[in-house]
Amino acid sequence: MNHEAILGRLCALSGPSGFEERVSEAAAELLRPLTDEVYATRLGSVVGVRRCGRDNASRLLLDAHLDEIGLIVIGHEEGFLRFAPLGGVDPRMLPDREVVLLTDPPVHGVVACLPPHVQTADDMDKSLPIKDLYIDVGLSPEEAERRIPIGTPATYRGGCAPLGEDLLCGKALDDRAGFAVLLDVLERLKDTPLDVDLYVLGSTQEETHSTGAITAAYEIAPRMCVAVDVTHGDSPDASKHETFQLGGGPVIGVGPNCAASMSGRMKAVAKQIELPVQIEVMSGSSGTNAWPVQVSREGVATAVLSIPERYMHTPLEVVSRQDLEDTARLLAAFVCAIKEGT
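Notes on the structure follow. (Residues numbered from 1 in each chain as written. Predicted model: local features only at pLDDT ≥ 70, side-chain atom pairs only at ≥ 80, totals over all residues. Heavy atoms only, no water.)

Focus: the nonpolar core
Okay, so step 1: Ranked by internal contacts, the top residues of the largest apolar core, which has 54 residues, are Leu62, Leu198, Val226 and Leu331.
Okay, so step 2: Top contributing element to this core by residue count: helix H5 (residues 173-188), with nine residues.
Okay, so step 3: Membership of the second largest hydrophobic core comes to 20 residues, among which are Val89, Met93, Val111 and Ile130. (Core = buried A, V, L, I, M, F, W, Y, C linked by side-chain atoms within 4.5 Å. Buried < 20%, exposed > 50% of the residue type's maximum accessible area, 1.4 Å probe, protein only. Helix = DSSP H or I, 4+ residues; strand = E, 2+ residues; numbered from the N terminus.)

What about the packing of H5 against helix H9 (residues 321-337)?
Okay, so step 1: Closest axis-to-axis distance for the H5/H9 pair is 9 Å, and the angle between their directions is 50 degrees. When the axis of H5 is compared with that of H9, the two are oblique. Every pair of crossing elements has a handedness; the one defined by H5 and H9 is right-handed. Contacts between H5 and H9 involve Ala177, Val181, Leu182, Asp184, Val185 and Arg188 from the first element and Leu324, Glu325, Thr327, Ala328, Arg329, Leu331 and Ala332 from the second.
Okay, so step 2: Looking at side-chain class alone, the contact of H5 with H9 contains eight nonpolar, one polar and four charged residues. (Axes fitted to C-alpha atoms, helices over the stretch in contact; angles between N-to-C directions. Parallel < 35°, antiparallel > 145°, perpendicular 65-115°, else oblique. Left-handed = near helix turned anticlockwise from the far one by under 90°. Contact = heavy atoms within 4.5 Å. Nonpolar A, V, L, I, M, F, W, Y, C, P; charged D, E, K, R; others polar.)

Quick look at the pairing of strand E4 (residues 70-77)
Okay, so step 1: Pairing of E4 with strand E5 (residues 80-86), which is carried by seven bridges, proceeds in the antiparallel orientation. Among the inter-strand pairings, histidine 76 is bridged to a residue of E5, identified as leucine 81.
Okay, so step 2: What sits between the antiparallel neighbours E4 and E5 is a turn of two residues, in which glutamate 78 has the positive phi angle 55 degrees. (Pairing = 2+ DSSP bridges.)

Let's talk about the pattern of salt bridges
Okay, so step 1: Throughout the structure, instances matching the rule amount to 13 salt bridges.
Okay, so step 2: One salt bridge connects arginine 176 with glutamate 68, and the closest N-O pair in it is separated by 2.9 Å. With arginine 176 in helix H5 and glutamate 68 in the loop between strand E3 (59-65) and E4, the pair connects residues that are 108 residues apart, well separated along the chain. Of the two residues, arginine 176 and glutamate 68, both sit in the buried class.
Okay, so step 3: Between arginine 92 and aspartate 90 there is a salt bridge, with its nearest N and O atoms 2.6 Å apart. (Salt bridge = Lys/Arg side-chain N within 4 Å of Asp/Glu carboxyl O.)

A look at the sheet that holds E5
Okay, so step 1: Strand order around the closed barrel formed by six strands is E4-E5-E8-E7-E6-E9, with antiparallel pairing between neighbours.
Okay, so step 2: As paired elements, E4 and strand E9 (residues 153-156) share two bridges and run antiparallel to each other. Note on E9: the bridge partner recorded for leucine 71 is alanine 154.

What about the packing of aromatic side chains?
Okay, so step 1: Scanning the model with the defined rule gives zero aromatic pairs in all.
Okay, so step 2: Stacked on the ring of tyrosine 218, the Lys or Arg arginine 297 has its end atom at 4.0 Å from the ring centre. (Phe/Tyr/Trp six-rings, centres within 6.5 Å; stacked < 30°, edge-to-face > 60°. Lys NZ or Arg CZ within 6 Å of the ring centre and 35° of its normal.)

See the structure below:
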């Protein structure tokens, strides 16, 4: 699969938590040629179903969230917009940042900032809180209020592009990189008989409360789930004990949010296909949709499979092409290894 092309399409779309319609429509279109059925949940998550052909087969859910962090307009002041975060927005990333406001048609804006010439030494060494920042849309006060009402969401402006030969960078790779991997898995399994009904979920609202995955899992009632998300990638200024090497292979979660039967099987499959993997110990919540899905209904055996990513929750996140390929390869082999009754 051409991950760059898929991510170029998905990452160019704006879909902050609670406002994922454009991304969900694109995800549904991408799922249709690869599945037997595609439908949307009441909260806007997208589900693709690949049936194995056997009645009452066990259900395996593969999840990756479609939403991204963003902003929402909470007021107007002399033509400028006051805003609040949607999800874990880092205020250090905001000054002078281009944003897209999801009006019809969209409006481009820039987060206002003071140039260094008029800042004090103290100003230059501190980060402004979001409550003290404004978006400049270049409109009169009257026009700004008319075209951009309170409650309008916004995202960083951007898409996805190559970074050197081996990497991709862009906004919302958390977690559209994960969804691209799920599409790749479906493509790899297109002509392969399965022993379970496979449900692929592009979930909404993960960055705020995982509500898209919570409700979809309740409706699907899977026996097993693999949450595919990103984890922290290596960089010179990051802890070597808390990050994972880009290009070093997919990261398998181990801990109370990860059923030992699932993570153990994942490691065994990786060894069988001679694929290098990295291990992340998760002593509590994984910070992914696996946490709430695990306790859906009477309980779901879950696994967490992560893609190393640099600069998470910033306007330009970075992943490795090889990690995307290897994550899809491992997950496809894992799905094939699950047999009814095991």
